[in-house]
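If you want the building blocks of each chain, they are given just below.
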Amino acid sequence: MRVTIEGSGRHIHITKEHLAALCGADYALEVKKMLSQPGEFASNTKLDVIGPKGTIKGVSILGPCRAATQVELSLTDAKVLGLICPVRESGDVKGSAGCTIVGPLGSIALTEGAIIAKRHVHFTPEDAETAGVQDKEIIEVRVEGPRALIFDEVVCRVSPRYATYMHVDYDEWNAAALSPDNCAGEIVKKP
């Protein structure tokens, strides 16, 4: 089975409370662009992320609001900020790196929440059955092209709430020389 691979840039998932502290009590995220996962969107709101060695300005918030604030970075981004971020599944922020997020009305200092997202494939249950994979199974995804490679340690995430797409950060996207014309990979079960 082949899967479309999408590059995921640095972004913030935020709680309603943190959004209010940074942007105002009645502030609501506006949709800039809908994303491939149903109900998720890139908002027009951008915040600055500060670490011990640097700042990255204009980091997008993805909506809707979540139960925990999380900053997803690439390894390159983490180095720019001076952070040592663990590679984790989205939502697994316990014991991760801290950083400061700055908005138009203030800032918040996170003691944890900055991660490098583990590469993963979102599957519908039907597509997971076709691929012969289970939720949380680790697979490989083979990419063809001028910088062909095999993405290893790819987590399968199966839910009826998902659309079937693989997500990698832009460090990984660029390492494989992916482009809109070459953005599919072949799912390979691990032995």
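Notes on the structure in this doc start here. (Residues numbered from 1 in each chain as written. Predicted model: local features only at pLDDT ≥ 70, side-chain atom pairs only at ≥ 80, totals over all residues. Heavy atoms only, no water.)

### Observations concerning the overall build of the protein chain
Going by this rule: Helix and strand assignments come from DSSP, with helices taken as H or I runs of at least 4 residues and strands as E runs of at least 2, each series counted from the N terminus. Accessibility here uses a 1.4 Å probe with only protein chains present; expressed as a share of the type maximum, an area under 20% marks a residue as buried, one over 50% as exposed, and anything in between as partly exposed. By definition, residues are in contact when any of their heavy atoms lie within 4.5 Å. The method behind every accessible area is Shrake-Rupley, applied with a 1.4 Å probe, and residues are considered shielded solely by the protein chains displayed.
Counting its regular elements, the protein chain contains four helices and 14 strands. Principal-axis analysis of the C-alpha atoms gives the protein chain an extent of 50 × 35 × 30 Å. Counting across all 191 residues of the protein chain, residues that qualify as buried make up 46%. Here the analysis covers contacts within the protein chain between residues at least 6 apart in sequence; of these, 67% occur between residues at least 24 apart. Summed over its atoms, the accessible surface of the protein chain is roughly 9,600 Å², and 52% of this surface lies on carbon and sulfur atoms.

### A few points about the sheet that holds strand β10 (residues 120-123)
To keep things clear, this is the line we draw: Strand pairing is defined by DSSP finding a minimum of two bridges between the two strands. All axes are obtained by fitting lines to C-alpha atoms, using only the stretch in contact for helices, and the reported angles, taken between N-to-C directions, cover 0 to 180 degrees.
The six strands are arranged β1-β13-β10-β12-β11-β14 in a closed barrel whose pairing can be described as mixed. Sheet twist, expressed as the mean angle between neighbouring strand axes with direction ignored, is 40 degrees. Where strand β1 (residues 2-8) lies against strand β13 (residues 165-169), four bridges are found, and the strand directions are parallel. Counterpart to Gly-7 in the pairing with β13 is Val-168.

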